[in-house]
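Residue-level structure breakdown
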Amino acid sequence: MKKTYLFLASLFLLLIAAYWGLKVYNDKTTAAETAAEESAVIYLTNEDTLSALSYANGTDTMSFDFSNTTWSYTEDDELKINQTTLQSVAASFAQLTASRALTEGIDDLSDYGLDDPSYTLSITSSEGETTEILIGNSFSSDTYYYAKTATEDTIYVIDASVVTNLVFDVSDLIEIPSLPGLTTDNTIELTRSVGDETISLTADTEASESAEDATADSSEEAESTESSTEDETTSPFEDGITAIASSMIYSIQTAQPTADELESDGLTSDNRKTYTLTYTDDDDQETTFVFYAGNTDEEDTTTYIQVQDNKSIYLVSVSMIEALDAAFDAAK
């Protein structure tokens, strides 16, 4: 029996040793394979972070700067640029890879469209080093493009996604702001200012007598068609919260409005309505969100708005502003 125990113990130790030996072998093999795969990747650029980038198509040029963790549009740094989009573009530029590198038989750059490139990319690393990439002809049904750096002779084959992801309309790069998620628990006050008149709604705000009379009339009419066992009347404060909570800013109208466009959209300071939403955020800090509402579009389906400290004009539904105004008017 003692010999049997010794045999089993020895076998157990051998199995443990075999397991760890196999694990070390697999780890080394995986590391070697990963290193081989990484060495096989062809990089036109290989930067960790960028401080600036630009791209051009021969007609338009888009340039962006990176500072304090934020990308901004060089031409107009007041615009609110969609950071997720720019981060994606920056990542693709910073580590631009190729599927092939052509080093032989290159007689004329014009054969590849690189004597007069269709696109030019430029990146500046966080250390201040600038690299320019030229992109020429496409081939294989526009699946790939020929490209090269401005300082090297090697021509590379890159994926067409590098080109198709380029955006030349700044409106497509603007961040769409979100309305705050208001509830009766986190909302402190809603305010509307029109000219010299300012109306505030709080949890203590009651409907005016005229609004109550209108509600009573509508209730009587409803009772004539169906019985009601509960009083579901809401306050102007609750109605205002509902108007915001059930809506969204869903589109951009004009990224860089002119003075004439602001006037025609009813968003000059003497024409617009100002709404201030005061609430506590997720960190239990008092916060304000201010936006301005102007005219409606020709179809009367959307209203032009601006958000404080944001020059672009956006669109919300007419029904949101109508519901919000109804809540304020009920408190007059």
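Residues numbered from 1 in each chain as written. Predicted model: local features only at pLDDT ≥ 70, side-chain atom pairs only at ≥ 80, totals over all residues. Heavy atoms only, no water.

1. Side note on the pairing of strand β11 (residues 187-194)
Successive residues of a regular strand alternate their side chains across the two faces of the sheet. Of the strand pairs in this sheet, β11 and strand β14 (residues 273-280) are connected by six bridges, and their pairing is antiparallel. Looking at β14, one finds that Glu189 is bridged to Thr278. Here β11 runs beside strand β12 (residues 197-201); their pairing, made up of five bridges, is antiparallel. For Val194, the partnering residue across the bridge sits in β12 and is Glu197. Linking β11 back to β12 in an antiparallel pair, the connection comprises two residues, with Gly195 at a positive phi of about 60 degrees. (Pairing = 2+ DSSP bridges. Helix = DSSP H or I, 4+ residues; strand = E, 2+ residues; numbered from the N terminus.)

2. Quick word on the pattern of salt bridges
Taken as a whole and assessed by the stated rule, the structure comprises five salt bridges. A salt bridge links Arg192 to Asp325; the nearest nitrogen and oxygen atoms lie 3.0 Å apart. Here Arg192 is found in strand β11, whereas its partner Asp325 is found in helix α7 (residues 318-330), with 133 residues between them in sequence. The partner of Arg192 in a salt bridge is Asp329, with the nearest N and O atoms 3.0 Å apart. Separated by 137 residues along the polypeptide, Arg192 in strand β11 and Asp329 in helix α7 bring together distant segments of the chain. Its relative accessible area of 5% is what places Arg192 among the buried residues. Classification of Asp329 by relative accessible area gives partly exposed; the value is 35%. Each of Arg192, Lys273, Asp325 and Asp329 takes part in one network of salt bridges that share partners. (Salt bridge = Lys/Arg side-chain N within 4 Å of Asp/Glu carboxyl O. Buried < 20%, exposed > 50% of the residue type's maximum accessible area, 1.4 Å probe, protein only.)

3. Topic: the nonpolar core
The biggest cluster of nonpolar side chains holds 60 residues, and the ones touching the most others in it are Leu53, Tyr55, Phe64, Phe93, Leu121, Ile135 and Phe291. In this structure Leu121 touches Ser54, Tyr55, Phe93, Leu96, Thr131, Glu132, Ile133, Ile135, Val162 and Leu166, once residues within four positions along its chain are discounted. If you look at the next biggest cluster of nonpolar residues, it comprises eight residues, including Leu114, Leu134, Tyr146 and Val157. (Core = buried A, V, L, I, M, F, W, Y, C linked by side-chain atoms within 4.5 Å. Contact = heavy atoms within 4.5 Å.)

4. Some details on the packing of helix α5 (residues 236-245) against α7
Contact geometry of α5 with α7 gives a least axis separation of 8 Å together with a crossing angle of 170 degrees. By the angle between their axes, α5 is roughly antiparallel relative to α7. Of the residues in α7, those touching α5 at Pro236, Asp239, Gly240, Ala243 and Ile244 are Met320, Ala323, Leu324, Ala327 and Ala330. (Axes fitted to C-alpha atoms, helices over the stretch in contact; angles between N-to-C directions. Parallel < 35°, antiparallel > 145°, perpendicular 65-115°, else oblique.)

5. Quick word on a negative patch on the surface
Residues Asp107, Asp108, Asp111, Asp115 and Asp116 make up a contiguous surface patch of negative charge. Mapped onto the secondary structure, Asp115 falls in the loop between β6 (100-102) and β7 (119-125). (Patch = residues over 30% accessible without salt bridge, like charges linked within 9 Å, V, L, I, M, F, W, Y side chains within 5 Å. Areas by Shrake-Rupley, 256 points an atom, 1.4 Å probe, with all protein chains shown as cover. Lys, Arg positive; Asp, Glu negative; His and termini not counted. Charge placed at Lys NZ, Arg CZ, Asp CG, Glu CD.)

6. Re the confidence of the model for the protein
For the protein, per-residue confidence averages 87 on the pLDDT scale, and residues scoring 70 or more make up 81% of the total. Across residues 28-39 the pLDDT falls below 50, and counting only partners more than four positions away or on other chains, this stretch makes zero contacts in the model. (pLDDT = per-residue confidence, 0-100.)

7. Quick look at the sheet that holds β11
Spatial ordering of the open sheet is given by β12-β11-β14-β15-β16-β17-β13, a layout of seven strands whose pairing is antiparallel. The sheet terminates laterally at β12 and β13 (251-254), the two strands that pair on one side only. Neighbour-to-neighbour, the strand axes of this sheet turn through a mean angle of 30 degrees, independent of strand direction. Strand direction decides the pairing type here: strand β15 (residues 286-296) and strand β16 (residues 302-307), joined by four bridges, are antiparallel.

8. A word on the packing of aromatic side chains
Taken as a whole, this structure holds twelve aromatic pairs when the rule is applied. With 6.1 Å between their ring centres and 85 degrees between their planes, Tyr55 and Phe93 make a pair best called edge-to-face. Here Phe93 lies in helix α2 (residues 83-94) and Tyr55 lies in strand β2 (residues 50-56), a separation of 38 residues in the sequence. As far as burial versus exposure is concerned, Tyr55 and Phe93 are alike and both buried. (Phe/Tyr/Trp six-rings, centres within 6.5 Å; stacked < 30°, edge-to-face > 60°.)

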